[in-house]
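# Results of the structural survey
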Amino acid sequence: MNLDAQLRSYDLWKQSMTDSIKVYQHWLDEMSLTDTETELMLIKNLRLIEKDTITIAFAAEFSRGKTELINALFFSSAGIRLLPSSPGRTTMCPTELFYDRKAAPYLRLLDIETRANDTSIEDYKRDPKHWVHIELDDDSPEKMQDSFLQLLKTKTVSAAHAKELGLATEEVEGEVTIPAWRHALVSFPHPILEKGLTVLDTPGLNALGSEPELTLSMLPNAQAMIFVLAADTGVTQSDMAMWKQYVQGYSNKHPHSLAVVLNKIDTLSDELMSDDEWTQSIHKQTLETAGLLNLEEQVIFPLSAKQGLIGNIKKNQQMISASGIQGLEIFLSDRILSSQKEILQHKVISDVVDSMKLANSVLTSRLQHVVNHTNELNGFYSKSEEATAELLLETRKEQTAYKQNLAHLKTSRHIFYTQIADLLEVVNPKRVSYLIDEGREQMSKSWTSVGIRQGMKSSFEGLNSLLNETLSTTQASIKLLDAIYKRFKDEHNLDVEQAARFDIKVYQQRLDKLLRDGLEFSSSSEAALTEQNTLTKRFVNTVGAQAISIFEQAQADINRWKSMALANLIREVSEQKKLMESKLDSLRSVSAGKNELDDKIANNRALETEIKERQAQLLHMMDQINISAESLEVEKSVRQEAI
């Protein structure tokens, strides 16, 4: 399946899953089974599907044909070179291409001078007024092409000013040419972008080294990275520097998500070379590249982006085939998109199916209560007044037990919520901000790179200490919750399954990774050459913001756990209340005579039928989602065999 077809398939799956969740929401409402925590879970998954994007990042030194490759892969339908990629034209700033459904097509450019501020790119994205805004005419590829020439702009400044912006080393003097823009955002309704694809076009080695947000956030979070080399130059010293400092780390962490493109293979051919000699030459260079980068040969893609683009525009299948670009398209389609679908499916299907199983369990219990009640009503025909009085007394005792259960539940909930309040205070993002500010102050006072790295490490040690405190408080909360459920099982005969627990380990792993990446960046040669005050700001802006984000998400998950932790127990006690009220009502009506008993039995029979029908609907919804899960496993096994 080609890239466009796979994206269409993925988009259709997301729409199908969205429809299934909305049908399930409606079903829960009709059955009076909805509650705050279930509704929040379903809304969370709907947003997860809606906001899901697939980011493919392109990294290369200048003049490797990276932007030409982006044009060939994604934008050949425009009929022209949509992004500036002809010889001598190189995009100078990181550029994100996507589709923003909330706004008309645009090109937004962030002034390079914003590097002097403490504000991160991510924060600037939330406030469009800081960007130069250019409207795009998506009906005219030629006009869009003209607008994109802004991406090439540079300006000349003094070396001193370039150093203030972190764009020149200490030994540089005189005037320096720097990019006019720090970052670019491009949004327009291209079919591939509309399906959730984001393309990240990064400039050369210097830009990566001077913008930690790229290396610590944008690149690591991409679902795929394409590292572009040029066949006419081979693997140069600067290519190897980029590989070792930025790309190799991504490859180690995402071994199946990296492709290396050996571009411009058309330049290796000449009139004196036979086709076999040309093929052997390309194969030799592919093997050499794989050896230098310590990669498998199958992730090296020799191709000609130029031929691929021209072939796609002219719809010349022979030229497309000769370009070699189809191999890369298959890689992106079969490996990257399928993998992303697998990740999202597991997240969504797990939550929704668990909720459906719980709903099915409640219906089964409700059905059994109705059947038991019907049997009791049938038994009233033959019971004496004394026996009926005894049953009424027994039911009154059960009602008293229910009230005790309710009182214990209220007390237990208060104790648990108090414990959770302590946990929420531990993960308060304000405490994280305080630790980051302390590290910032320590780094600002240091005059050496070693001192700056020590400040960074000190900040992380404080964050790890905070996370360990969180772990301890979480374990205490889990023990308390276990004790509550055990008490209700032992003392009140309520054996109820607990909801999924809050897992602090996820956040430990993310913080550990952030620490490693941050220290790797601070040790890089670019960081060592960057003006230290600039490095401090870049580090705090990027790593600090991510650390705060981790704790904000932990806080949100704890609040979600708080709302769900006792939900099953509350639901069971509520069902118990309904049963008590129903039994008491039936016993009171015995004296009313046979006709009223017959009516109640008939009502119960109708209720049994309705519950069974609703249960069948629920099982059908579960089957539909499980079919999706089964197809996922088939896709996964096929992909693993291919790998």
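Everything below is about the structure printed above this text.
Presented here is an overview of the structure given in this document.

Here the focus is the environment of Glu398. Examined against the element boundaries, Glu398 turns out to sit in helix α15 (residues 385-426). When the C-alpha positions of Glu398 and Gln576 are compared, they lie 9.5 Å apart, and in sequence the two are 178 residues distant. Setting aside residues no more than four positions away along its own chain, Glu398 makes contact with Met580 and Lys583.

So, on to the packing of aromatic side chains. In this structure the tally under the stated criterion is twelve aromatic pairs. Here Phe416 and Trp561 contribute two aromatic rings whose centre-to-centre distance is 5.6 Å and whose plane-to-plane angle is 85 degrees, an arrangement assigned as edge-to-face. Placement of the pair is Phe416 in helix α15 and Trp561 in helix α20 (residues 532-565), with a sequence separation of 145 residues. Each of the two residues, Phe416 as well as Trp561, counts as buried. Each member of the aromatic cluster is reached from another via a ring pair, and the members are Phe416, Tyr417, Phe502, Tyr507 and Trp561. Lying across the ring of Tyr106, Arg108 places its NZ or CZ 3.8 Å from the centre. We note Lys562 situated over the ring of Tyr417; from NZ or CZ to the ring centre the distance is 4.9 Å.

The biggest cluster of nonpolar side chains holds 76 residues, and the ones touching the most others in it are Tyr24, Trp27, Leu69, Phe74, Ile226, Leu328 and Leu332. In terms of residue count, helix α14 (residues 325-379) provides more of this core than any other element does, 17 residues in total. Beyond its immediate chain neighbours, meaning those up to four positions away, Phe74 contacts Leu3, Ile56, Phe58, His190, Ile192, Leu197 and Val199. Listed in part, the 41 residues of the second largest apolar core include Leu424, Leu463, Val543 and Ala554.

What follows concerns the environment of Val496. Relative to the helices and strands, Val496 is located in the loop between α17 (449-492) and α18 (505-523). Take Val496: its relative accessible area is 15%, and that puts it in the buried class. Val496 sits 73 residues away from Leu569 along the chain, and the two C-alpha atoms are 6.3 Å apart. Other than its neighbours up to four places away in sequence, Val496 contacts Tyr485, Asn568, Leu569 and Glu572.

About the cut-offs
Residues numbered from 1 in each chain as written. Predicted model: local features only at pLDDT ≥ 70, side-chain atom pairs only at ≥ 80, totals over all residues. Heavy atoms only, no water. Helix = DSSP H or I, 4+ residues; strand = E, 2+ residues; numbered from the N terminus. Contact = heavy atoms within 4.5 Å. Phe/Tyr/Trp six-rings, centres within 6.5 Å; stacked < 30°, edge-to-face > 60°. Buried < 20%, exposed > 50% of the residue type's maximum accessible area, 1.4 Å probe, protein only. Lys NZ or Arg CZ within 6 Å of the ring centre and 35° of its normal. Core = buried A, V, L, I, M, F, W, Y, C linked by side-chain atoms within 4.5 Å.

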